[in-house]
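Okay, here's what each chain looks like letter by letter:
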Amino acid sequence: MLKGIQLGVLLTLAPLFFGYGSSATANELTADESPLTVFLVRHSEKEAGKDPALTPEGLVRAQSLARLLGSVQLDAVYSTDYRRTLATAKPTASIQDLSVSLYSPRELNGFAEQLKQRGGQVLVVGHSNTTPQLVSVLGGDAGQPIDEKREFDRLYLLQTDSAGKVSTLVLRYGQDANTK
């Protein structure tokens, strides 16, 4: 697990980490061969109750995610239809001038296929149980379960090359990203 690495630096070096990019440029890839890069996070810190809003700390973390991904040209932002996930996704979507598209956390297999077919660079905001599950469905390594009560800073970076090989990198972001 890498800590304290700048995402922009990481993305510049991504072809070296993930083993693609040296044999074909983006212009040489067809739509069916378009690599997929997925950034996956669970929602930021939330209030208590049914369909809660984000806490002040959660709002700060959502802004931190938007700043972190500001150097990445996203093609889409996805969220489940809950206040906490939408509030986590919206700052990034706003900076990228994108709308937030909804997906069902109960239909992860179908959603994963949709992502694979579309390609490009996308952000997906989910939950402590569905985010690692989606990582696995996409062919990545989900690692340890997310700590439901305390862990809001895990950022998965999945890269799928044109041959379908998936590489996983887990990063931390936000104010307590270096304390884990």
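For the structure, see preceding data.
Everything quoted here is computed from the prediction, not taken from an experiment.

Novice: I'd like a rundown of the sheet that holds strand 3 (residues 100-102), residues and numbers included.
Specialist: Ordered by their spatial adjacency, 6 strands build an open sheet running 3-2-4-1-5-6, and the pairing between neighbours is mixed. Single-partner strands in this sheet number two, and they are strand 3 and strand 6 (166-172). Between one strand axis and the next, the sheet turns by 25° as a mean value, whatever way the strands run. Bridging between strand 2 (residues 76-79) and strand 4 (residues 120-126) involves 4 bridges; their strand directions are parallel. Looking at the pairing, Ser79 lines up with Val125 of strand 4.

Novice: How would you sum up the pattern of salt bridges? Please name residues and give values.
Specialist: Summed over the entire model, instances satisfying the criterion amount to 9 salt bridges. When the shortest N-O distance is used, the salt bridge between Arg154 and Glu151 registers 2.7 Å. Each of the two residues, Arg154 as well as Glu151, counts as buried. Among the ionic pairs, Glu151 bridges to Arg172, the shortest N-O distance being 2.6 Å. Residue Glu151 is found in the loop between helix 5 (130-137) and strand 5 (154-160), and its partner Arg172 is found in strand 6; the two are separated by 21 residues along the sequence. No difference in accessibility class separates Glu151 from Arg172, as the two residues are buried. One network of salt bridges, with partners in common, ties together Glu151, Asp153, Arg154 and Arg172.

Novice: I'd like to hear about helix 5, residue by residue, with values.
Specialist: Of all the positions in helix 5, only Thr130, Thr131, Pro132, Leu134 and Val135 are classed as buried. If you follow the buried residues of helix 5, they end up packed against strand 1 (36-42), helix 4 (108-118), strand 4 and strand 5. Trailing helix 5 by a residue or two, Gly139 shows a phi angle of about 100°, which is positive.

Novice: Explain unusual backbone geometry to me, and be specific about the residues and the numbers.
Specialist: Look at Asp51: it is not a glycine, yet its phi comes out positive at around 50°. Note that Asp51 resides in the loop between strand 1 and helix 2 (56-68). A relative accessible area of 28% places Asp51 in the partly exposed class.

Novice: Tell me about the packing of helix 4 against helix 5, residues and numbers included.
Specialist: Each pair of packed helices can be summarised by the angle the axes make with each other and by the distance between the axes. Close contact between helix 4 and helix 5 brings their axes to 10 Å; oriented N to C, the two are set at 55°. Looking at the two axes, helix 4 sits oblique to helix 5. Crossing of helix 4 over helix 5 shows right-handed handedness. Contacts from Leu108, Asn109, Phe111, Ala112 and Lys116 of helix 4 reach helix 5 at Thr130, Gln133, Leu134 and Val137.

Rules and cut-offs
- Residues numbered from 1 in each chain as written.
- Predicted model: local features only at pLDDT ≥ 70, side-chain atom pairs only at ≥ 80, totals over all residues.
- Heavy atoms only, no water.
- Pairing = 2+ DSSP bridges.
- Helix = DSSP H or I, 4+ residues; strand = E, 2+ residues; numbered from the N terminus.
- Axes fitted to C-alpha atoms, helices over the stretch in contact; angles between N-to-C directions.
- Salt bridge = Lys/Arg side-chain N within 4 Å of Asp/Glu carboxyl O.
- Buried < 20%, exposed > 50% of the residue type's maximum accessible area, 1.4 Å probe, protein only.
- Contact = heavy atoms within 4.5 Å.
- Parallel < 35°, antiparallel > 145°, perpendicular 65-115°, else oblique.
- Left-handed = near helix turned anticlockwise from the far one by under 90°.

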